[in-house]
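# Examining the three-dimensional arrangement
Chain by chain, the residues:
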Amino acid sequence: MSNKTKQFKQLLQSPNTEFLMEAHNGLSARIVEEAGFKGIWASGLSISAALGVRDSNEASWTQVLEVVEFMSDASRLPILLDADTGYGNFNNVRRLVRKLEQRQVAAMCIEDKLFPKTNSFINGEQQPLAEIDEFCGKIKAAKDTQEDPDFTVVARVESLIAGWGMSETLRRAHAYREAGADAILIHSKKSTPDEILGFMTQWGNAAPVVIVPTMYFQTPTSVFEEAGVRLVIWANHLMRSAVTAIQRTAATIQRERSLQNVEGQIVSVKEIFRLQSAAELEAAEAKYLPGESSKTTGPSGAPAKPSSPAEILR
């Protein structure tokens, strides 16, 4: 059984509100861990953006899975994958669960939209939702498929985004909980937390609640804590900040045709090597490769070229 799944289950069961930070590749996953977060949100929006495609299932689920595998390898933190609608019907969901468990991904979140999905903040009211029974079938298929008892399935309810009201939202959330969902993600695009707080009042702690306060970001975190929210997801902020920095650097270099005013504003190459764990490779080379003499000369006695970033650092 995966230690990461246990870590994530503990976050859901924590008496305190816990936080997940978005990541979209192995490097950002490692940075999230170093920043002190306890878990990672593998954002569908950010992963698709990093791949240069739209957040509309243009990247296949296997392409997303490959990215998440690198993230899982790069970090010891549990990952909650933003799995959109499950990439198809119940059978796609079953295959996804098996593949996520193989890669030690702790949890997945599926939403009650239709495949292919569209990002919630693009004409949300015009987006159709899945039938309750069909979506419950996906949840049941996921829970029946998992082999790790701590693997977590989060059901994301989109009815507030679609403008279907609180009554329908509660109806769907209870149905998904009864189908086996371990937690409910309630999404809102209002600039205030009114819809979220209204849901929390009527939900009655029936299951852990996850929120994504991207639009109502001015709300103090204490409001979520007092309402009993279990997990707060900072959903896309590393990608957005990265775009800001990349655009600024690219524009500066193009305008000035020089690196002089850029080098002091960005991390060193050595810091990239550190994040890549180059020092570990150097230590492994000393342990596993032949002696220094065979590394410094080639077969004909000519100096050998460095074989790795670790050697370059030397």
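The structure displayed is predicted, hence computed values, not measured ones. (Residues numbered from 1 in each chain as written. Predicted model: local features only at pLDDT ≥ 70, side-chain atom pairs only at ≥ 80, totals over all residues. Heavy atoms only, no water.)

### Remarks on unusual backbone geometry
Most of the time, phi is negative for any residue but glycine, and the peptide bond is trans. The residue D84 is not glycine, and still its phi comes out positive at about 50 degrees. Note on placement: D84 falls in the loop between β3 (79–82) and α5 (90–102). Given the relative accessible area of 5%, D84 is considered buried. One non-glycine residue, N205, lies in the positive phi region at around 60 degrees. Take N205: it is sitting in the loop between α8 (194–203) and β7 (209–211). With a relative accessible area of 62%, N205 lands in the exposed category. (Helix = DSSP H or I, 4+ residues; strand = E, 2+ residues; numbered from the N terminus. Buried < 20%, exposed > 50% of the residue type's maximum accessible area, 1.4 Å probe, protein only.)

### With respect to the packing of α5 against helix α6 (residues 132–145)
The N-to-C vectors of α5 and α6 enclose an angle of 30 degrees; their axes lie 8 Å apart at closest approach. Accordingly, the angle class assigned to the pair α5 and α6 is roughly parallel. The chirality of how α5 crosses α6 is right-handed. Across the interface between the two elements, F90, V93, R94, V97 and R98 of α5 pack against G137, K138, A141, A142 and T145 of α6. Grouping the amino acids of the contact of α5 with α6 by side-chain chemistry returns 5 nonpolar, 2 polar and 3 charged. (Axes fitted to C-alpha atoms, helices over the stretch in contact; angles between N-to-C directions. Parallel < 35°, antiparallel > 145°, perpendicular 65-115°, else oblique. Left-handed = near helix turned anticlockwise from the far one by under 90°. Contact = heavy atoms within 4.5 Å. Nonpolar A, V, L, I, M, F, W, Y, C, P; charged D, E, K, R; others polar.)

### A closer look at the pairing of β3
Of the two faces of β3, the one holding I79 and L81 and the one holding L80 and D82 are both buried throughout. Strand direction decides the pairing type here: strand β2 (residues 40–42) and β3, joined by 3 bridges, are parallel. The partner of I40 across the bridge, within β3, is I79. Examined bridge by bridge, β3 and strand β4 (residues 107–111) share 3 bridges and lie parallel to one another. Considered in β4, the bridge of L81 is made with M108. (Pairing = 2+ DSSP bridges.)

### Focus: helix α12 (residues 278–288)
Regarding α12, the residues found buried are A278, A284 and E285. In an axial view of α12, the angular spread of the buried residues amounts to 115 degrees, which keeps them on one side of the axis. With respect to the buried face of α12, the exposed residues turned more than 90 degrees away are A279, E280, A286 and K287. (Arc of directions from axis to C-beta.)

### Re the packing of α6 against helix α7 (residues 165–179)
Axis separation between α6 and α7 bottoms out at 9 Å; the angle between their running directions is 30 degrees. What the angle tells us is that α6 and α7 run roughly parallel. Judged by the sense of rotation from one axis to the other, the crossing of α6 with α7 is right-handed. Here I132, F135, C136, I139 and K140 of α6 come into contact with α7, specifically with E168, R171, R172, A175, Y176 and A179. Taken together, the residues of the contact of α6 with α7 sort by class into 7 nonpolar, no polar and 4 charged.

### Things to note about the nonpolar core
With 56 residues, the main nonpolar core has L81, M108, Y176 and I184 as its most contacted residues. With 6 residues, helix α4 (residues 61–74) is the largest single contributor of residues to this core. For I184, the residues in contact, after removing those within four places along its chain, are V154, A155, V157, A173, Y176, R177, W203, P208, V209 and V210. F8, L12, W41 and A235 belong to the second largest nonpolar core, which has 17 residues in total. (Core = buried A, V, L, I, M, F, W, Y, C linked by side-chain atoms within 4.5 Å.)

### Focus: the side chain of R172
Positionally, R172 belongs in helix α7. Since its relative accessible area comes to 3%, R172 is described here as buried. At a separation of 3.0 Å, a polar atom in the side chain of R172 contacts the main-chain carbonyl oxygen of A130. For R172, the contacting residues outside a window of four places in its chain are D112, L129, A130, I132, V157, S159 and W164. (Polar contact = N/O pair within 3.5 Å; in protein donor to acceptor, adjacent residues only side chain to side chain.)

### Brief notes about the side chain of D148
Looking at the element boundaries, D148 is found in the loop between α6 and β5 (152–157). Of the side chains bearing the opposite charge, K6 lies closest to the buried D148, which forms no salt bridge; the N-O distance is 5.9 Å. Separated by 2.8 Å, the side chains of D148 and T5 make a polar contact. (Lys, Arg positive; Asp, Glu negative; His and termini not counted. Salt bridge = Lys/Arg side-chain N within 4 Å of Asp/Glu carboxyl O.)

### Overview of the pattern of salt bridges
On inspection of all chains with the given rule, the structure shows 19 salt bridges. Residue E158 is joined to K113 by a salt bridge in which the shortest nitrogen-to-oxygen separation is 3.5 Å. Residue E158 is found in the loop between β5 and α7, and its partner K113 is found in the loop between β4 and α6; the two are separated by 45 residues along the sequence. Like E158, the residue K113 is buried in the burial classification. Close ionic contact of E178 with R177 constitutes a salt bridge, the shortest N to O distance being 3.7 Å. Taking relative accessible area as the criterion, E178 reaches 61% and is therefore assigned exposed. For R177, a relative accessible area of 29% puts it in the partly exposed group. Here the residues in one salt-bridge network are E111, K113, R156 and E158, joined through shared partners.

By themselves, these figures tell us nothing about what the structure is for.
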